[in-house]
Amino acid sequence: MNIFRLAGDVSHLVAIIILFMKIRRSKSCAGISGKSQVLFALVFTTRYLDLFTSVISIYNTVMKVVFLALAYATVYLIYMRFRSTFDSESDSFRVEFLLVPVAGLSFLENYAFAPLEILWTFSIYLESVAILPQLFMITKTGEAESITTHYLFFLGLYRALYLANWVWRYHTEGFFDQIAVVSGVVQTIFYCDFFYLYVTRVLRGSGKMSLPMPI
């Protein structure tokens, strides 16, 4: 495992922990898209089904279990424990516009037409767009709390580090996963405007990040 992969995994874990602790400590999920969190839980579920079929390493297994546990715990906090604080009106992105194309593409473009392989491919494609309901919610409300933007920053950093990981692996191992790389690039693009706003507004001391309201 190279440093980019390890740093990417840590950034991903930090992002999820930040969001989980934010909701738990504030006892509020205001500004958080429940739909994005459900999509991420679905991503981990369909990707980590190999937990029941193979063991790559202790590190790999532990990280998978932690991601799954935190994802479903976050969904529980949003839709069950602190449901009264959830802004369902603002979280109005039509997720079927993501799920249907992603499901169709995973059947058409995959490495093997087998159930686990198709589900793994589905998880890769879905992860690239799962953050859209959250970004749509921020755009719709016009602002985001700094803790929410920290979550998004570390999530975007994870994707950027994984791009570096794939470049490193290509040059050192000759390894190239076209599906993962293309999906990762697409996902990173979604974060570009957010990164700029994060650096220019949040890191300069603003408590919240204001965004242009949709027309």
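In the nomenclature of an unreviewed UniProt entry, the chain is known as ER lumen protein-retaining receptor of Oncorhynchus mykiss.

Participant: Explanation requested: the overall build of the chain in the structure shown.
Facilitator: What the chain contains, in helices and strands, is eight helices and two strands. Secondary structure elements of the chain occur, N-terminal to C-terminal, as α-α-α-α-α-α-β-α-α-β. Taken across its 215 residues, the chain has 45% of its residues classed as buried. A separation threshold of at least 6 residues defines the contact pool for the chain, and within that pool the share at least 24 residues apart is 76%. Carbon and sulfur atoms make up 67% of the accessible area of the chain, which amounts to about 11200 Å² in all.

Participant: Help me understand the pattern of salt bridges, please; the structure alone is not making it clear to me.
Facilitator: Where charged atoms of side chains with opposite charge meet at close range, the side chains can pair. This model, assessed by the stated rule, comprises six salt bridges. As a salt-bridge pair, R5 and D9 come within 3.4 Å of each other at their nearest N and O atoms. Of the two residues, R5 and D9 both sit in helix α1 (residues 3-26), four residues apart, roughly one turn of that helix. Among the residues examined, R5 registers a relative accessible area of 25% and is labelled partly exposed. For E127, the salt bridge is made with R159, and the minimal N-O distance between the two is 3.6 Å. Of this pair, E127 sits in helix α5 (residues 115-129) while R159 sits in helix α7 (residues 146-173); the two residues are 32 residues apart in sequence, bridging distant segments of the chain. Neither residue differs from the other here; E127 and R159 are each classed as buried.

Participant: Just to check I follow, could you spell out the environment of L105 for this structure?
Facilitator: With respect to the helices, strands and loops of the structure, L105 is situated in helix α4 (residues 96-108). Residue class for L105 comes out partly exposed when judged on its relative accessible area of 37%. Measuring from C-alpha to C-alpha, the distance between L105 and T121 comes to 8.8 Å, with 16 residues separating the pair along the chain.

Participant: Help me understand the nonpolar core, please; the structure alone is not making it clear to me.
Facilitator: Here is a general trend for soluble globular proteins: nonpolar side chains tend to be buried in one another's company. Ranked by internal contacts, the top residues of the largest apolar core, which has 48 residues, are I23, F44, L126, I131, Y151 and L155. The set of elements that each furnish at least two residues to this core consists of α1, α2 (34-47), α3 (58-81), α4, α5, α6 (132-141), α7 and α8 (178-202). Ranked by the residues each element gives to this core, the list is headed by α3, at eight residues. The residues touching I23, leaving out its near neighbours within four places in the chain, are S28, C29, I32, T74, L77, I78 and F82.

Participant: What am I meant to see in the packing of aromatic side chains here?
Facilitator: The description of two aromatic rings rests on the distance between their centres and on the angle between their planes. In the structure shown here, the tally under the stated rule is ten aromatic pairs. Through successive ring pairs, a cluster of aromatic residues spans F44, Y48 and F67. Residue placement shows R159 over the ring face of Y158; its charged tip is 4.6 Å from the ring centre. Between the NZ or CZ atom of R169 and the centre of the ring of F175, over which it lies, the distance is 3.9 Å.

What counts as what
Residues numbered from 1 in each chain as written. Predicted model: local features only at pLDDT ≥ 70, side-chain atom pairs only at ≥ 80, totals over all residues. Heavy atoms only, no water. Helix = DSSP H or I, 4+ residues; strand = E, 2+ residues; numbered from the N terminus. Buried < 20%, exposed > 50% of the residue type's maximum accessible area, 1.4 Å probe, protein only. Contact = heavy atoms within 4.5 Å. Areas by Shrake-Rupley, 256 points an atom, 1.4 Å probe, with all protein chains shown as cover. Salt bridge = Lys/Arg side-chain N within 4 Å of Asp/Glu carboxyl O. Core = buried A, V, L, I, M, F, W, Y, C linked by side-chain atoms within 4.5 Å. Phe/Tyr/Trp six-rings, centres within 6.5 Å; stacked < 30°, edge-to-face > 60°. Lys NZ or Arg CZ within 6 Å of the ring centre and 35° of its normal.

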